[in-house]
Amino acid sequence: MAVLIDGKKIAAEVRGEIMAETQAFIKANGYAPGLTVIIVGENPASQVYVRNKKKACEEVGFASEVIALPESTTEEELLARIDALVHNDSVHGILVQLPLPKHISEDAVLRAIPPHKDVDAFHAENVGHIMIGDFDYLPCTPAGVMELLKHENIDPAGKECVVVGRSNIVGKPMGMLLLHANGTVTICHSRTKNLAEVTRRADILVVAVGRAGFITGDMVKEGAVVIDVGMNRNAEGKLCGDVDFASVEPKASAITPVPGGVGPMTITMLLRNTLTAAQKAAAK
Ligand code: GUN
């Protein structure tokens, strides 16, 4: 029986710390850390994520605003809205929910959010800082995974760490953070040959491919730690991860459930980044 890594509980603990720091920040500065989230269009999953982000901000005492723009918004209009937030001193973090409608360049939008307000840590400058290992902001999902490992006393040092998925949001930075933690890191992707042979080497297996039940028990080593970043809906519309929990759990030493594993940590790390952005702005 694997240890179930309780992301909800760990997230609540970390959010308690953030809330206390936020109260101290408000007392010292007379205003709250501010996060503005922009959502363009009506992607239902994005709407849920954005609603959850706003709720989490309110719970820890941040000032948060959601700007919901129609699908027809032009790139120019969106960039103008971002520019206004860049020049608004009460906004410490700006997050544009992805994916964007196809007629808007994601690259142009992410470049428009300056590194010091980039609480997603998607700007090339912040990505570069992560590569070097000298960073203020970490991308929320990989940072959340590292926090889960820390809370479970799982040290990647010297371990075989296999990441499945090479997205800019999760896979690539995840590999980098595990490397900074002295893991021996392999990043797998759709062109990887003999994937199961590679995943079976993993002491720590992180899966972020966006395909329900993609990793099955035969692909996992006995005693592995399995972190499931997936957030999919199965045929019955139920939330499920990239890992086939029923066949993997009996082999794993520890595993994250979906929901209730990585998900709650992602928003928690967004709160952490926003507080950091406010603290840095206040210290200037
Ligand atoms: N869409 C899915 N995940 C994310 C995320 O972490 N940040 C943003 N901005 N959009 C997302």
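Since this is a predicted model, take the numbers as computed values, not measurements. (Residues numbered from 1 in each chain as written. Predicted model: local features only at pLDDT ≥ 70, side-chain atom pairs only at ≥ 80, totals over all residues. Heavy atoms only, no water.)

Colleague: Whenever I open this one, the overall build of the chain confuses me. Can you help?
Modeller: Helix and strand content of the chain: 10 helices and 11 strands. The C-alpha atoms of the chain give a radius of gyration of 19 Å, which matches the 19 Å a tight globule of 284 residues would have. A principal-axis box enclosing the C-alpha atoms of the chain has dimensions of 50 × 40 × 35 Å. Burial status across the chain gives 49% buried among its 284 residues. Carbon and sulfur atoms make up 53% of the accessible area of the chain, which totals about 13,500 Å². Averaged over its 28 positive side-chain charges, the chain has a centre that lies 2 Å from the centre of its 34 negative ones. (Helix = DSSP H or I, 4+ residues; strand = E, 2+ residues; numbered from the N terminus. Rg over C-alpha atoms; globule rule 2.2 N^0.38 Å. Buried < 20%, exposed > 50% of the residue type's maximum accessible area, 1.4 Å probe, protein only. Areas by Shrake-Rupley, 256 points an atom, 1.4 Å probe, with all protein chains shown as cover. Lys, Arg positive; Asp, Glu negative; His and termini not counted. Charge placed at Lys NZ, Arg CZ, Asp CG, Glu CD.)

Colleague: What's the story with the layout of surface pockets in this structure? I'm lost.
Modeller: Gaps left between atoms are located by rolling a probe of water-molecule size over the structure's atoms. Taken as a whole, the second largest pocket holds about 430 Å³ of empty space. The wall of the second largest pocket is formed by 18 residues, among which Ala121, Phe122, Val127, Asn168 and Ile169 lie closest to the centre. Of all the secondary-structure elements, those providing two or more residues to the lining of the second largest pocket are helix H4 (106-112), helix H5 (124-132) and helix H7 (171-180). Here the residues of the lining of the second largest pocket sort into 12 nonpolar, two polar and four charged. (1 Å grid on protein atoms, 1.4 Å probe; cavity = no way out; pocket = protein on both sides within 12 Å on 5 of 7 lines; lining within 4 Å. Points joined across faces, edges and corners; volume = space filled by probe spheres on them. Nonpolar A, V, L, I, M, F, W, Y, C, P; charged D, E, K, R; others polar.)

Colleague: What should I look at first to understand the nonpolar core in this one?
Modeller: Side chains that are nonpolar tend, in soluble globular proteins, to be buried together. Counting residues in hydrophobic clusters, the biggest one holds 51 residues, and the most contacted among them are Val145, Leu149, Leu178, Val206 and Ile227. If we skip the residues at most four places from it in the chain, Ile227 touches Ile5, Val145, Leu149, Leu205, Val206, Val207, Thr256 and Val262. The next biggest cluster of nonpolar side chains, apart from the first, holds 18 residues, and it includes Val162, Cys188, Val198 and Val220. (Core = buried A, V, L, I, M, F, W, Y, C linked by side-chain atoms within 4.5 Å. Contact = heavy atoms within 4.5 Å.)

Colleague: Please explain the sheet that holds strand E5 (residues 160-164) as it appears in this structure.
Modeller: Each strand in a sheet pairs with its neighbour through backbone hydrogen bonds, running either in the same direction (parallel) or in the opposite one (antiparallel). Taken together, six strands build an open sheet; the order of strands is E1-E11-E8-E7-E5-E6 and the sheet is parallel. Sheet topology places strand E1 (3-4) and strand E6 (184-188) at the edges, where each strand pairs with a single neighbour. Where E5 and E6 come together, five bridges link them in parallel fashion. Each bridged residue has a counterpart across the sheet, and for Val163 the counterpart in E6 is Ile187. (Pairing = 2+ DSSP bridges.)

Colleague: Can you help me understand the pattern of salt bridges in this one?
Modeller: One side chain can pair with another of opposite charge once the charged atoms of both are near each other. In the structure shown here, the tally under the stated rule is seven salt bridges. When the shortest N-O distance is used, the salt bridge between Lys55 and Glu59 registers 3.7 Å. Of the two residues, Lys55 and Glu59 are both situated in helix H2 (residues 44-60); the distance of four residues between them amounts to about one turn of the helix. (Salt bridge = Lys/Arg side-chain N within 4 Å of Asp/Glu carboxyl O.)

Colleague: Looking at this model, I keep getting lost on the packing of helix H1 (residues 7-29) against helix H10 (residues 262-282). Mind explaining?
Modeller: Angle between the axes and distance between the axes are the two parameters that describe a pair of packed helices. Where H1 contacts H10, the axes come no closer than 9 Å and their chain directions differ by 20 degrees. When the axes of H1 and H10 are compared, the pair comes out roughly parallel. Handedness of the crossing formed by H1 with H10: left-handed. Here Gly7, Lys8, Ile10, Ala11, Val14, Arg15, Glu17, Ile18, Glu21, Thr22, Phe25 and Asn29 of H1 come into contact with H10, specifically with Pro264, Met265, Ile267, Thr268, Met269, Leu271, Arg272, Leu275, Ala278, Gln279 and Ala282. Residue composition of the contact of H1 with H10, grouped by class: 13 nonpolar, five polar and five charged. (Axes fitted to C-alpha atoms, helices over the stretch in contact; angles between N-to-C directions. Parallel < 35°, antiparallel > 145°, perpendicular 65-115°, else oblique. Left-handed = near helix turned anticlockwise from the far one by under 90°.)

Colleague: Can you walk me through the sheet that holds strand E2 (residues 34-40) in this structure?
Modeller: Taking strand neighbours across the sheet as the criterion, the three strands line up as E3-E2-E4 in an open arrangement whose pairing is parallel. Since the sheet does not close on itself, it has two edges, and those belong to strand E3 (63-69) and strand E4 (93-96), each with one partner. Going from strand to strand, the sheet's axes swing by 15 degrees on average, the running direction of each strand aside. Across seven bridges, E2 lies against E3 in parallel orientation. Residue Thr36 lies in a different strand from E3, and its bridge partner there is Glu65. Helix H3 (residues 75-86) rests against E2, E3 and E4 of the sheet, and its axis sits at about 180 degrees to E2.

Colleague: Any chance you could explain the site of the ligand here in plain terms?
Modeller: Surveying the vicinity of the ligand reveals the residues Leu95, Val96, Gln97, Leu98, Asp120 and Phe122. Between the ligand and the protein, one listed contact pairs a nitrogen atom with a side-chain N or O atom of Asp120 at 2.7 Å. Look at the ligand: alone it shows 280 Å² of surface, and the protein chains cover 80% of it. Residue composition of the shell around the ligand, by class: four nonpolar, one polar and one charged. (Near = heavy atom within 4 Å. Polar contact = N/O pair within 3.5 Å; in protein donor to acceptor, adjacent residues only side chain to side chain.)

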